[in-house]
Amino acid sequence: MTARRLLLTNDDGIYAPGLVTLANRLHEAGYPLAVVAPDRERSSVGHALTLNRPIRLWEAERGHYAPGVDIFGCDGTPSDCVVLGMEVIDPTVDLVVSGINRGPNLGDDLTYSGTVSAAMEGVILGKGAVAVSLNCQRSEAQNHYETAAVSALKILDWLGENALSRGTLLNVNVPNLSLETIEGFMVTRKGLRTYEGKVTEFRNPHGALSYWIAGKPEDDMAEGTDVWAVAHGLVSVTPIHMDMTHFPSIRFLKEKGLEALGPDTPRR
Ligand code: MN
């Protein structure tokens, strides 16, 4: 049993069932952990940090958390929670676990996700990080958080023996199935998910035109992608690297003379 210390957070709020289920399961498995999570839903805030006002952090009511789990509420974003969790609550943390998110983080959606961004913040701060999402709907009645919690535990145990390369996190998406019906684990690449009818126009009660961004997801079902794996009953594990530089383009831009554009010539 490893003694690695975990910092848990999410973007659905501190009492969201996904986070509570994950914290209790990992605590039961013997992982020392602290929960530092937003006091309200912060889904799709991306990687935002709160820089324009003070942030509050407090010991939160236990709710359904198991005795022995340290829980702190925060009125900031998921990334704020990671920063404060490491700077204020437990500087000895060596792994950030974010989730279990209510809903998937597949394809390019991970760039909007507070859940995945919190894991990115862990990587930026030099720690290991795992984001865990359940491919479920918003209604809680038939959500298999336990499947995702057990999957996360298996991955954390695996990480105890196998270190990820620096700057890398794991984006884990779990099918919304009972544990017995999961087909297995698959290492995947980020897939493509677009949204049909992304903007809905309507009039608000005052008659002003308003817009709602949502839409129906449409996936490019290429084999080996995250969307393909989850659709086939597999736990999708995508290694995500934080260096967004597109290295082949460096050569292209240089060869095609982009650097010859400067220095400035006088404008007339
Ligand atoms: Mn969420």
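Check the entry above for the structure.
What counts, and where the lines are drawn
- Residues numbered from 1 in each chain as written.
- Predicted model: local features only at pLDDT ≥ 70, side-chain atom pairs only at ≥ 80, totals over all residues.
- Heavy atoms only, no water.
- Buried < 20%, exposed > 50% of the residue type's maximum accessible area, 1.4 Å probe, protein only.
- Helix = DSSP H or I, 4+ residues; strand = E, 2+ residues; numbered from the N terminus.
- Pairing = 2+ DSSP bridges.
- Right-handed = clockwise from strand over helix to strand, strands pointing away.
- Patch = residues over 30% accessible without salt bridge, like charges linked within 9 Å, V, L, I, M, F, W, Y side chains within 5 Å.
- Areas by Shrake-Rupley, 256 points an atom, 1.4 Å probe, with all protein chains shown as cover.
- Salt bridge = Lys/Arg side-chain N within 4 Å of Asp/Glu carboxyl O.
- Donors = N, O, S within 2.8 Å, 3.2 Å for Na, K, Ca; no water.
- Core = buried A, V, L, I, M, F, W, Y, C linked by side-chain atoms within 4.5 Å.
- Phe/Tyr/Trp six-rings, centres within 6.5 Å; stacked < 30°, edge-to-face > 60°.

With that settled, the discussion passes to the pairing of strand S5 (residues 95-102). Where burial is concerned, most of S5 is hidden: eight out of the eight residues are buried. Of the strand pairs in this sheet, strand S1 (residues 6-9) and S5 are connected by four bridges, and their pairing is parallel. Considered in S5, the bridge of Thr9 is made with Ser98. One ladder, built from seven bridges, connects S5 with strand S6 (residues 128-135); its direction is parallel. Bridged to Ser98 within S6 is Ala131. This β-α-β element, S5 to helix H3 (residues 114-124) to S6, shows right-handed connectivity.

The grouping of Val199, Leu209, Tyr211 and Ile213 at the surface amounts to a nonpolar patch, some 420 Å² of accessible area in total. Ranked by residue count, the leading element in the nonpolar patch is strand S11 (residues 209-213), at three residues. Secondary-structure assignment places Val199 in strand S10 (residues 199-203).

Another point: the coordination of the manganese ion. The protein atoms that coordinate the manganese ion are Asp11 (OD), Asp12 (OD), Ser43 (OG) and Asn101 (OD1), at distances of 2.1 to 2.3 Å. Sequence positions of the residues that donate to the manganese ion give the spacing D-D-x30-S-x57-N. In this pair, Asp12 is assigned in the loop between S1 and helix H1 (17-28) and Ser43 in the loop between strand S2 (33-38) and strand S3 (57-59), connecting sequence segments 31 residues apart. Taking the relative accessible area as the measure of exposure, Asp12 reaches 9% and is therefore buried.

Turning our eyes to something else, we now look at the pattern of salt bridges. This model, assessed by the stated rule, comprises eleven salt bridges. Between Arg102 and Glu140 there is a salt bridge, and its shortest N-O distance comes to 2.6 Å. In this pair, Arg102 is assigned in strand S5 and Glu140 in the loop between S6 and helix H4 (145-161), connecting sequence segments 38 residues apart. Connected through shared salt-bridge partners, Arg25, Glu28 and Glu146 make up one network.

The next point concerns the nonpolar core. Grouped together as the largest cluster of nonpolar side chains are 38 residues, with contacts concentrated most on Leu6, Leu8, Leu26, Val35, Tyr65 and Leu156. Broken down by secondary-structure element, the contributors of at least two residues to this core are S1, H1, S2, S5, S6, H4, strand S7 (168-175) and strand S13 (234-241). Core analysis: the second largest hydrophobic core is formed by 21 residues, Leu7, Leu110, Ala119 and Ala129 among them.

Every second residue of S1 is oriented toward a common face, with Leu6 and Leu8 on one face and Leu7 and Thr9 on the other, all of them buried. Sheet topology places S1 next to S2; three bridges connect them, and they run parallel. Paired with Leu6 across the strands is Leu33, a residue of S2. In terms of handedness, the path from S1 via H1 over to S2 forms a crossover that is right-handed.

What follows is about the packing of aromatic side chains. Counting across every chain of the model gives two aromatic pairs. With a centroid separation of 6.5 Å and 55 degrees between ring planes, the pair formed by Tyr15 and Tyr65 is classed as tilted. Of this pair, Tyr15 sits in the loop between S1 and H1 while Tyr65 sits in the loop between S3 and strand S4 (70-74), placing them 50 residues apart in sequence. For Tyr15, a relative accessible area of 43% translates into the label partly exposed. Ring geometry for Phe202 versus Trp212: centroids 6.3 Å apart, planes at 40 degrees, classification tilted. In this pair, Phe202 sits in strand S10 while Trp212 sits in strand S11, placing the two residues ten residues apart along the sequence. Judged by relative accessible area, which is 32%, Phe202 ranks as partly exposed.

Function cannot be inferred from these measures alone, as they are strictly geometric.
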